Amino acid sequence: RSAAPPPPNSTVYLFGATEPQLVPTENTPAGELLQIPVIVAVCGTVPPPETVGVNSVQREREEIRPMRDFKMGWAPVVPEGVKG
């Protein structure tokens, strides 16, 4: 399935992270903790929110925090040959 074309005058914002996953391996049948890369792309005419929801099994509820607290942020992507 192909994605819908971006709206006119839109910007693509990228966010990269890793997500830990317990993966069985040949050397560790019970599982080895591997960091799986994750890339999120958001296309729009306004920047995405500068907040992140923090949650885990151990937490009672989700906490919303500014991305800067984690030294994180969105980066606009300008393809080569396109003036931004």
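Residues numbered from 1 in each chain as written. Predicted model: local features only at pLDDT ≥ 70, side-chain atom pairs only at ≥ 80, totals over all residues. Heavy atoms only, no water.

## Focus: the overall build of the protein chain
Inference 1: Scanning the protein chain from N- to C-terminus turns up zero helices and five strands.
Inference 2: Helices (α) and strands (β) of the protein chain occur, in sequence order from the N terminus, as β-β-β-β-β.
Inference 3: For the protein chain, whose C-alpha radius of gyration is 17 Å, the value lies well above the compact-globule estimate of 12 Å for 84 residues.
Inference 4: Seen through its C-alpha atoms, the protein chain measures out along the principal axes to roughly 50 × 35 × 25 Å.
Inference 5: Taking all 84 residues of the protein chain together, 8% fall into the buried category.
Inference 6: Nonlocal contacts in the protein chain, meaning residues at least 24 apart in sequence, comprise 44% of its contacts between residues at least 6 apart.
Inference 7: Working note: accessible area of the protein chain is about 7,200 Å², and carbon and sulfur atoms make up 56% of it.
Inference 8: Here the protein chain contributes 7 positively and 9 negatively charged side chains, and the mean placements of these two sets differ by 10 Å. (Helix = DSSP H or I, 4+ residues; strand = E, 2+ residues; numbered from the N terminus. Rg over C-alpha atoms; globule rule 2.2 N^0.38 Å. Buried < 20%, exposed > 50% of the residue type's maximum accessible area, 1.4 Å probe, protein only. Contact = heavy atoms within 4.5 Å. Areas by Shrake-Rupley, 256 points an atom, 1.4 Å probe, with all protein chains shown as cover. Lys, Arg positive; Asp, Glu negative; His and termini not counted. Charge placed at Lys NZ, Arg CZ, Asp CG, Glu CD.)

## A word on the sheet that holds strand 1 (residues 11-23)
Inference 1: The strand order across the open sheet formed by three strands is 2-1-5, and the pairing between neighbours is antiparallel. The open sheet terminates on both sides in strands that have one partner only, identified here as strand 2 (32-44) and strand 5 (75-77). Each strand axis lies, on average, 40° off the axis of its neighbour in the sheet, ignoring direction.
Inference 2: Inspection of the sheet shows strand 1 paired to strand 5 by three bridges, in the antiparallel sense. Note on strand 5: the bridge partner recorded for V12 is V77. (Pairing = 2+ DSSP bridges. Axes fitted to C-alpha atoms, helices over the stretch in contact; angles between N-to-C directions.)

## Quick look at the pattern of salt bridges
Inference 1: Scanning all chains against the criterion turns up three salt bridges.
Inference 2: In this structure, the salt-bridge partner of E63 is R59, at a minimum N-O distance of 3.0 Å.
Inference 3: For E63, a relative accessible area of 29% puts it in the partly exposed group.
Inference 4: Overall, the relative accessible area of 36% leaves R59 in the partly exposed class.
Inference 5: Across the pair E63 and R65 runs a salt bridge, and its minimum N-O distance is 3.5 Å.
Inference 6: Where salt bridges share partners, they join R59, E63, R65 and D69 into one cluster. (Salt bridge = Lys/Arg side-chain N within 4 Å of Asp/Glu carboxyl O.)

## Thoughts on the confidence of the model for the protein chain
Inference 1: Summary statistics for the protein chain give a mean pLDDT of 84 and a share of 94% for residues scoring 70 or more.
Inference 2: Averaged pLDDT values over the elements of the protein chain bottom out at 76 in strand 5 and peak at 94 in strand 4 (residues 63-66). (pLDDT = per-residue confidence, 0-100.)

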